[in-house]
Amino acid sequence: MCIRIAVVEDQSEIAIWEPDAVEIRVQRGTHTHDLIRELHALLTIDLGVSTTTGAGLHCFCGEPLVLPDELASAPAAVAGASTL
């Protein structure tokens, strides 16, 4: 089961886990650095996903977490966990 990322409008937080849809909803227009930091915390602290320094964001199954094109404005954002 892979986690999906969905972009939404008018959300009070940068990223929110939606367990029924197995997705993380992220606020449109969030700065990439803030988004990666928030996703990393949500995945590792709240959901218990394993992490390796510099390996980027991953799903429960170990596959890389794919950001929608509209969020991945900077190529380093997808692999950017090494800067956290």
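Residues numbered from 1 in each chain as written. Predicted model: local features only at pLDDT ≥ 70, side-chain atom pairs only at ≥ 80, totals over all residues. Heavy atoms only, no water.

**Points about the pairing of strand E2 (residues 15-18)**
Our working rule: By this definition, two strands are paired if DSSP reports at least two bridges between them. Strands here are runs of E lasting at least two residues and helices are runs of H or I lasting at least four, both read from the DSSP assignment and numbered beginning at the N terminus.
Bridge count between E2 and strand E3 (residues 23-27): 4 bridges; the pairing is antiparallel. Of the residues in E3, the one forming a bridge with isoleucine 16 is arginine 25. The antiparallel pairing of E2 with E3 creates a hairpin that spans 4 residues between the two strands, and valine 22 there sits at a positive phi of about 50 degrees.

**Here we look at the environment of leucine 67**
The cut-off we apply is this: Only protein chains enter the area calculation, which uses a 1.4 Å probe; residues under 20% of their type maximum are buried, those over 50% are exposed, and those in between are partly exposed.
Following the sequence through the fold, leucine 67 ends up in the loop between helix H1 (32-46) and helix H2 (75-78). We classify leucine 67 as buried; its relative accessible area is 6%.

**Quick word on the packing of aromatic side chains**
Each aromatic ring pair is characterised by the separation of its centres together with the angle its planes make. Our working definition: Two rings from Phe, Tyr or Trp (for Trp, the six-membered ring) form a pair when their centres are within 6.5 Å of each other. A pair whose planes differ by under 30 degrees is stacked, one over 60 is edge-to-face, and the rest are tilted.
Enumeration over the complete set of coordinates arrives at 1 aromatic pair. A centroid spacing of 6.2 Å and a plane angle of 80 degrees characterise the contact between tryptophan 17 and phenylalanine 60, whose relative ring orientation is edge-to-face. With a gap of 43 residues between them, tryptophan 17 in strand E2 and phenylalanine 60 in the loop between H1 and H2 connect regions that are remote in the sequence.

**Points about H1**
Heads up, the rule is: Here a helix's expected span is defined as the number of its residues, less one, multiplied by 1.5 Å. The arc in question is the one traced by the directions running from the helix axis out to the C-beta atoms.
The end-to-end C-alpha distance of H1 is 20 Å, a good match for the 21 Å that 15 residues give at a rise of 1.5 Å each. The complete set of buried residues in H1 reads Thr32, Leu35, Ile36, Leu39, Leu42 and Leu43. Burial along H1 is one-sided: seen end-on, the buried residues are contained in an arc of 130 degrees. The outward face of H1, more than 90 degrees from its buried face, is lined by the exposed residues Ile45 and Asp46. Trailing H1 by a residue or two, glycine 48 shows a phi angle of about 75 degrees, which is positive.

**Let's talk about the sheet that holds E3**
To keep things clear, this is the line we draw: Note on geometry: axes are lines fitted to C-alpha atoms, helical ones only across the stretch in contact, with angles between N-to-C directions running from 0 to 180 degrees.
Here we have 3 strands laid out as an open sheet, ordered E1-E3-E2, and mixed in their pairing. Strands with a single pairing partner mark the edges of an open sheet, and in this sheet they are strand E1 (4-8) and E2. In this sheet, neighbouring strand axes are inclined to one another by 30 degrees on average, regardless of whether the strands run parallel or antiparallel.

**Brief notes about the confidence of the model for the chain**
Segments scoring low in pLDDT should not have their predicted coordinates read at a detailed level. Formally: Confidence scores per residue from the predictor, reported as pLDDT, run from 0 to 100. Whether two residues are in contact is decided by their heavy atoms, any of which lying within 4.5 Å being enough.
Considering every residue of the chain, the mean pLDDT works out to 80; 80% of them sit at 70 or more. Ranking the helices and strands of the chain by mean pLDDT puts E2 first, with 94, and H2 last, with 42. Taken as a whole, residues 74-84 scores under 50 in pLDDT and shows 15 contacts with residues more than four places along the chain or in a different chain.

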